[in-house]
Amino acid sequence: MIGAVARPAVGRLVAAVAALALVTAPWWIGDDHLLRQLSAVAILALVVSGLNLSLGFGGEMALGQAAMYAAGAYTGAYLAANVTDDLLVCVVVASGVAVVLGTITGLPALRIGGWSLAVTSFFLVILIPDIVDLLREQLGGYDGMTVGLPTMFGSELDVAGTYLVVAVTALLWFVTFRNIVRSPWGVSLLSMRRSPVLAASLGLSPFRLKLTAYLLGALPAGAAGALSASVNGFVAPSEFGLELVVGLLAASIIGGPATVVGAVVGAFLLEFAHEQSARFESWATIGYGTLLLAGGVLLTRGGGGVVGLVRAWIRRHADSGTVRRSDAAAARQHEVLELSGSTIRIAGMRKTFGGTTALDGVDLELAAGRVTALIGPNGSGKTTALNLISGLSAPYDGDVIFDGRSVRGQSAMAIARRGVGRTFQTPAIPSILTVREVLESGELRRSRPPLAATILRTPGYRRRRAELTAEVDRVSRLLGLDHLLHATAEELPAGTRRLVELGRALLGRPSVLLLDEVASGLDEEELVDLKDVVGWLSSCGATTVLVEHNFAFVNEVADVVYVLAEGRVVAGGTPQEISSHPEVIEKYLGRGAMGIEQEAAP
Amino acid sequence: MMTTVWAGVAIGSVYALIALSYNLSRAVSGALNFAVAHLMILSALLAFTLLGLGLPVLVVLVVCAVATGMLAIVEERVAIRPLRKNDSHGELVTTVGVATVLTGLMLLLWGPDLRAVRLGAGFDDPLSFLGGRMLPIDVVLVGAALLVGALTVMWSKHTVSGLLSRAQTMDYEAALLRGVNARRLSLWGFAVSGAVCGFVGPLVAAKTFAVASLPTFLAVMGFVALILGGLGSDLGAVLGGVLLGLVQAFASRYLDPHYQYIVPFVLFLLVLMVRPHGVLGRRETRLV
Amino acid sequence: MSAVLVADGVSTGYRDLTVVRDVDLSLQRGTITTLLGRNGAGKTTLARGLSGLNTLSTGSVALLGEDVTKLPAHLLPKRGLAFVQEGKRIFRELSVEENLRIGCHPAGLTRREVESRVAAAYDRFPILKSKRHHAAGSLSGGQQQMIGISQALCGDPKVLILDEPSTGLAPSIVAQVLELIRELRDEGLAVLLIEQSVDAAVDVADHVVVLDVGRSVLDAPPSDALRHAIRDIYVGRPVGATDGAGKETGKPR
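What you see is a predicted model; the values in this text were computed from it and never measured.

Rules used throughout
Residues numbered from 1 in each chain as written. Chains lettered and ligands numbered in written order. Predicted model: local features only at pLDDT ≥ 70, side-chain atom pairs only at ≥ 80, totals over all residues. Heavy atoms only, no water. Helix = DSSP H or I, 4+ residues; strand = E, 2+ residues; numbered from the N terminus. Contact = heavy atoms within 4.5 Å. Areas by Shrake-Rupley, 256 points an atom, 1.4 Å probe, with all protein chains shown as cover. Patch = residues over 30% accessible without salt bridge, like charges linked within 9 Å, V, L, I, M, F, W, Y side chains within 5 Å. Salt bridge = Lys/Arg side-chain N within 4 Å of Asp/Glu carboxyl O. Buried < 20%, exposed > 50% of the residue type's maximum accessible area, 1.4 Å probe, protein only. Buried area = accessible area lost by both parts, 1.4 Å probe. Nonpolar A, V, L, I, M, F, W, Y, C, P; charged D, E, K, R; others polar. Pairing = 2+ DSSP bridges. Polar contact = N/O pair within 3.5 Å; in protein donor to acceptor, adjacent residues only side chain to side chain. Expected span 1.5 Å × (residues − 1). pLDDT = per-residue confidence, 0-100. Core = buried A, V, L, I, M, F, W, Y, C linked by side-chain atoms within 4.5 Å. Axes fitted to C-alpha atoms, helices over the stretch in contact; angles between N-to-C directions. Phe/Tyr/Trp six-rings, centres within 6.5 Å; stacked < 30°, edge-to-face > 60°. Lys NZ or Arg CZ within 6 Å of the ring centre and 35° of its normal.

An account of the overall build of chain C is needed here, citing residue identities and associated values.
Along chain C, the regular secondary structure elements total nine helices and 10 strands. Sequence separation of 24 or more characterises 68% of the internal contacts of chain C that already satisfy a separation of 6 or more. Of the roughly 10100 Å² of accessible surface on chain C, 50% is carried by carbon and sulfur atoms.

Below is the structure:
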């Protein structure tokens, strides 16, 4: 049985053996035809992996990879014919051209996403023949152009030599790709795919992330284009038709768009189908379509594809889950996280939605090291207040002042970066991530390692990762999640998901914690535990804000309670003051209750 | 000059018909059906075969409409209904999948060659109109686009099922609570929109030709027309289609045929940047 | 009195979360039953279960003596159940009149009958008639609530479930809404009124059911003693002692 800890090592070993086999292939495969086929698979895998970045991780149907692949191929062919036949130069320049094309065509449609983006990609592919023919002097027109044998550092490359360049390029890219997605960058992308609101609350810009994913995905597509031009010795517009777009999409979805190796699996299938298609073109097309249909129905369930299914199978048969749950409550007794709370003052806040006044001149004071609860009946404006503080809902009248400085008009992202961590009424947890990864994503609010350092796994990056791992271990121990670090977060029970969200917020070392109905849906035992956690939070120094309906819970954990009704603050004070406040009792509990209160008062 | 205008309006009517079908599929099921152009051309190929058997045009059109309507019902069952619960853009993948299956079917049954759909001898003599020349089939297409557009608007504004459809796409759950059978609505909506595609498909192909590689191209152009006019607006779909056709015709005639799609593409990108909700579109709450 | 809707041992929730556990409920013709409980207690979830929006994990629901447990949500309005969701969930972009016409759908009326049904709705709320062609979402909160309720009434229901109809309305409008609910009761409807405010709820009720942590902890006619008990449930108990307290108050049935 493979233990939970041993698995990454096994994976690494398998990957290393595969890489070695791939690079040494020319020495144990004598057949040039087979080498060409392997090159073709590697090239397709490059393109599909680019698609995985934008589709699986970026969550957008950005199918521009086919057009970028074409741009790469023609750039390579043109350079080889006119400038230099050095394959390395061709590959690098082709990648650059693909990124430029991606920027021009991606920028307008990425903002909107959905069908607009998909159709832009289709349209680009439609234009390829016309553009190529306009430049027929340079690019050979509809009939295509031949590409001479490539060279590298001045010497000509034979089939095996070209194959080696392809294999090494593919390996380098896949290591890069893996390093990107298995890092805070990958987690940011998946968080953004889950919900733009979640991304903003982690201090991330959804648009910038999407664009980054799309442009990174252009790199391998461009490189693959230049390589394919050299491997085939020929480029023609008919290679880049709409069938290619559909084929790439099918390959990505079947392999698993949100995985790394899925691209290789998909590329194998695609190349196999391509081999057959000369004889059975119509059946291959029907096959792709059926795969898309099936994949599309399943896509909404995570995007793991074939690779995801295999992983789930391994996990089912291998996971021992032997890590013992430590006593979190005891750990909290003598360990605190150093959180420097902020003082937030809210002055005269007003907000209307289409004629309904949600908040009508609300003043609140939220102090550091205190638990402040906002309570009130439905529609009283509690959640609206929370959304205004975290910048999700703008514009509004009035002001929000953090430690003496107004944050009015700042975006949710900017406010998150100022130190506001939050949980959501319905826990927002990206699919396929483990608890550890979700917790790590909380740190994104503070900083994200530079992309280059992430790809190269620099010593600085590794040091920070080690620190983060230790930090996650610590927080998970304090919250009693340490036995679940390897579990898929989305599949945990609702109460545990809330704790995971809280942990994620804590990893960002927040000065302000906004907890939106964190107690709802918890059972009795979990409530007792949560009460202890919230008490501990304020001893850590954070400014904690609870939006709650559970009056009994609030009574026990809050230092200050504000009662909202119809968009106004009806009362504010200690829980004791609130539970004997006549107006509160009338508004919130009803007249009958007031009589009882007076009876009960000494 | 006027001949170019008529050419643009005619091809624009084809785009408009596709854009209208997109709107209709959205109205009944909330999902945009990428495969409408594929249904049209499949129907055209069917018409090609039936006309070859010597059947009268009207009979052929009716048979095609019924057959395509049934195909659309199958599509709804396999590509739309399973997505109902998870409200994401799953149809982006599934209806592209259906389109691909249909493309394969066309290749399998009719091969990769161009097929000309001839509706009758009278359709080949050009007419003169406002100083430009126009083919009778162009007039038919313009008429079809206007008719389908008008019928869609009337259906949506003045019939019970149109009203329920609009309600359903606004708030699915609230519609259920008023007894709206969303599944049946979606199924019948697909059947009707499929039948419309089946009816106009042979007309479209009588102008262009019928071949398996055509519909994906038409699907893209139809979508561009839809975005130009504004998603969800039927008037916008017609105007967007005509605008796109005119831009294409003029770019082809006065620049170079190579620019006939490049110029519309640039226009499309510009519209996406400046007015992402189209010329007549309303801002939707969130498209992302 | 005869039971229009009977729920027996109903449990329901969302995906892996059971929110309502083993609740019994019986709604009588011509009575107002109010469903109380702090938020998160499962009131809305129960209503969703009764109206078919959420599937039941256990228990059954009978409507006019017929078992409707397994029926899909869209068939229940035809059988006389109308659920007005909280937050004035009307079709905001449609006109007032279109909203009312949609409401007539479950009754399966002819065009002429629809017109007269809509006219009857206008008689009840003349203000809606003057705004019949306005987008429903552009009206005031109170008027939107009127549209929501009228829409439900157009389907000729036998049971009307109202989820917090007074939320976000000015006190004078709340009084009007409660008055309307009394009228409907007098016309013979069985009304289930979900409320958070004890005050409004107990005043108007013929019968009160209180949910806490998904269970029915009180089921009694309104009385001062009831107010006591409700207050206990709302504020009085320490966290983690629900079950004991729930049993303490007992089920006077």
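Tell me about a nonpolar patch on the surface, and name the residues and values.
Residue and element names in this part refer to chain A. Taken together, Val265, Leu269, Val306 and Val310 make up a surface patch of nonpolar side chains, about 270 Å² in accessible area. Taken together, the elements giving at least two residues each to the nonpolar patch come down to helix 13 (262-299) and helix 14 (305-318). Relative to the helices and strands, valine 310 is located in helix 14. Judged by relative accessible area, valine 310 falls into the partly exposed class, the value being 43%.

Give me the lowdown on the pattern of salt bridges, citing residues and values where you can.
This structure, assessed with the given rule, holds 28 salt bridges over all chains. Salt-bridge contacts for aspartate 133 of chain A lead to arginine 136 of chain A; the nearest nitrogen and oxygen are separated by 3.3 Å. We classify aspartate 133 of chain A as buried; its relative accessible area is 8%. Arginine 136 of chain A sits in the partly exposed class, given a relative accessible area of 42%. Between glutamate 98 of chain C and arginine 166 of chain B there is a salt bridge, with the nearest N and O atoms lying 2.8 Å from each other. Here arginine 166 of chain B lies in helix 6 (residues 160-170) and glutamate 98 of chain C lies in helix 2 (residues 96-104), a pairing that spans two chains. The class for glutamate 98 of chain C is buried, based on a relative accessible area of 14%.

Can you break down the interface of chain C and chain B residue by residue, with the values?
Listed per partner, the contact involves 23 residues of chain C and 17 residues of chain B. A combined buried area of about 2000 Å² lies between chain C and chain B, and 59% of that area is made up of carbon and sulfur atoms. Contact with chain B buries area across many residues of chain C, yet His74, Phe91 and His105 of chain C alone supply 29% of it, more than any other trio. Between the two partners, chain C and chain B, sit four salt bridges. Put simply, arginine 89 of chain C and aspartate 171 of chain B hold a salt bridge, and the shortest N to O gap is 2.8 Å. Looking at the side of chain C that touches chain B, the elements with two or more residues in it are strand 6 (81-84), helix 2 and helix 5 (141-154) of chain C. Ranked by the residues each element gives to the side of chain C that touches chain B, the list is headed by helix 2 of chain C, at four residues. In terms of residue class, the side of chain C that touches chain B is built from 10 nonpolar, six polar and seven charged.

Tell me about the pairing of strand 13 (residues 560-565) of chain A, and name the residues and values.
Every regular strand shows the same layout, with side chains that alternate between the two sheet faces. All names here are of chain A. Where burial is concerned, most of strand 13 is hidden: five out of the six residues are buried. Two strands pair when backbone bridges link them, and strand 7 (residues 371-375) and strand 13 are joined in this way by four bridges, in the parallel orientation. Bridge assignment links isoleucine 375 to a residue of strand 13, and that residue is valine 563. Where strand 13 and strand 14 (residues 568-573) come together, five bridges link them in antiparallel fashion. The partner of tyrosine 562 across the bridge, within strand 14, is glycine 572. Where strand 13 hands over to strand 14, the hairpin turn is made up of two residues, of which glutamate 566 adopts a positive phi near 50 degrees.

Tell me about the environment of glutamate 501 of chain A, residues and numbers included.
Residue and element names in this part refer to chain A. Mapped onto the fold, glutamate 501 is located in helix 21 (residues 494-507). With 96 residues separating them in the primary sequence, glutamate 501 and arginine 405 have C-alpha atoms 28 Å apart. In this structure, glutamate 501 is in contact with Thr423, Phe424, Pro427, Ala428 and Ile429, ignoring residues within four places of it in sequence. At 3.0 Å, the side chain of glutamate 501 forms a polar contact with the backbone nitrogen of phenylalanine 424. Here the side chain of glutamate 501 touches alanine 428 through a polar contact of 2.9 Å, landing on its backbone nitrogen.

Account for the interface of chain A and chain B, with residues named and values stated.
The accessible area lost on association of the parts is a frequent measure of interface size. Counting residues at the interface gives 45 residues for chain A and 46 residues for chain B. Around 3900 Å² of area is buried between chain A and chain B when both sides are counted, 83% of it from carbon and sulfur atoms. Between the two partners, chain A and chain B, sit zero salt bridges. Summed over the shared surface of chain A and chain B, the number is one residue pair in polar contact (both at pLDDT 80 or more). Going through the elements one at a time, helix 5 (87-110), helix 6 (114-134), helix 12 (242-255) and helix 13 of chain A are the ones with two or more residues in the side of chain A that touches chain B. Of the residues belonging to the side of chain A that touches chain B, the class tally is 27 nonpolar, 10 polar and eight charged.

Can you explain helix 11 (residues 206-232) of chain A? Please cite residues and give values.
Count 3.6 residues to each turn of an α-helix, and residues three or four apart come out pointing the same way. Residues and elements named next belong to chain A. Spanning 27 residues, helix 11 covers 39 Å between terminal C-alpha atoms, matching the ideal 39 Å at 1.5 Å per step. Counting buried residues along helix 11, 21 of its 27 residues qualify, which places the element largely inside the surrounding structure. Directly beyond the C-terminal end of helix 11, a positive phi value near 70 degrees is found at glycine 233.

Explain the side chain of threonine 434 of chain A residue by residue, including any values.
With respect to the secondary-structure elements, threonine 434 of chain A resides in the loop between strand 10 (420-422) and helix 18 (435-441). Residues in contact with threonine 434 of chain A, not counting those within four places in the same chain, are Leu485, His486, Ala487, Thr488 and Ala489 of chain A.

Kindly report on the environment of phenylalanine 48 of chain B, identifying the contributing residues and their values.
Residue and element names in this part refer to chain B. Inspection of the secondary structure puts phenylalanine 48 in helix 2 (residues 36-52). Expressed as a C-alpha distance, the spacing of phenylalanine 48 and proline 202, which sit 154 residues apart in the sequence, is 7.9 Å. Each residue touching phenylalanine 48, except ones within four places of it in the same chain, is listed here: Trp110, Arg115, Ala116 and Val117.

With reference to specific residues and values, describe the confidence of the model for chain C.
Residue and element names in this part refer to chain C. When pLDDT is averaged along chain C, the result is 83, and 89% of the positions lie at 70 or above. Note on residues 237-253: pLDDT under 50 across the span, and 28 contacts to partners over four residues away in sequence or across chains. Scored as a complex, the prediction yields pTM 0.82 and ipTM 0.85.

Quick rundown of the nonpolar core? Include the residues and the values.
Membership of the largest hydrophobic core comes to 234 residues, with the highest contact counts inside it found for Phe123 of chain A together with Leu218 of chain B. Of all the elements, helix 11 of chain A adds the most residues to this core, at 14 residues. Sequence-distant contacts of phenylalanine 123 of chain A, defined by excluding residues within four places in its chain, comprise Val220, Met221, Val224, Tyr261, Pro264, Phe265 and Phe268 of chain B. Counting 35 residues, the second largest nonpolar core, distinct from the first, contains Leu153, Leu178, Leu189 and Ala200 of chain C.

For the sheet that holds strand 4 (residues 56-63) of chain C, give the residues involved together with the corresponding values.
All names here are of chain C. Strand order in the open sheet formed by four strands is 2-1-4-5, and the pairing between neighbours is antiparallel. Single-partner strands in this sheet number two, and they are strand 2 (17-28) and strand 5 (66-67). Note that strand 1 (residues 3-14) and strand 2 share eight bridges and pair antiparallel. By the bridge assignment for strand 2, threonine 12 is matched with valine 20. Sitting on the sheet, helix 1 (residues 43-50) touches strand 1, strand 2 and strand 4, and the angle it makes with strand 1 is about 115 degrees.

So, unusual backbone geometry: which residues are in play, and what are the values?
Leaving glycine aside, a negative phi is the common case for residues, and trans is the common case for peptide bonds. Although it is not a glycine, arginine 457 of chain A sits at a positive phi angle of roughly 50 degrees. For arginine 457 of chain A, the location among the structural elements is in the loop between helix 19 (451-456) and helix 20 (459-479).

A description of the packing of aromatic side chains should follow, citing residues and the corresponding values.
Under the counting rule described, the total for this entry stands at 11 aromatic pairs over all chains. Between tyrosine 69 of chain A and phenylalanine 240 of chain A the ring centres are 5.5 Å apart and the planes differ by 80 degrees, which places this aromatic pair in the edge-to-face class. Taken together, the residues tyrosine 69 of chain A in helix 4 (residues 65-82) and phenylalanine 240 of chain A in the loop between strand 4 (234-235) and helix 12 connect sequence positions 171 residues apart. Geometrically, the ring pair formed by phenylalanine 174 of chain A and phenylalanine 177 of chain A is edge-to-face, given 6.2 Å between the ring centres and 65 degrees between the ring planes. Residue phenylalanine 174 of chain A and its partner phenylalanine 177 of chain A are located together in helix 8 (residues 159-181), separated by three residues, close to a single helical turn. A residue is classified by how much of its surface remains accessible, and phenylalanine 174 of chain A, at 13% relative accessible area, is buried. Geometry around tryptophan 185 of chain A places arginine 448 of chain A over its ring, the cationic atom sitting 3.9 Å from the centre. Looking at arginine 253 of chain B, its charged tip hangs above the ring of tyrosine 254 of chain B, at a distance of 4.9 Å from the centre.

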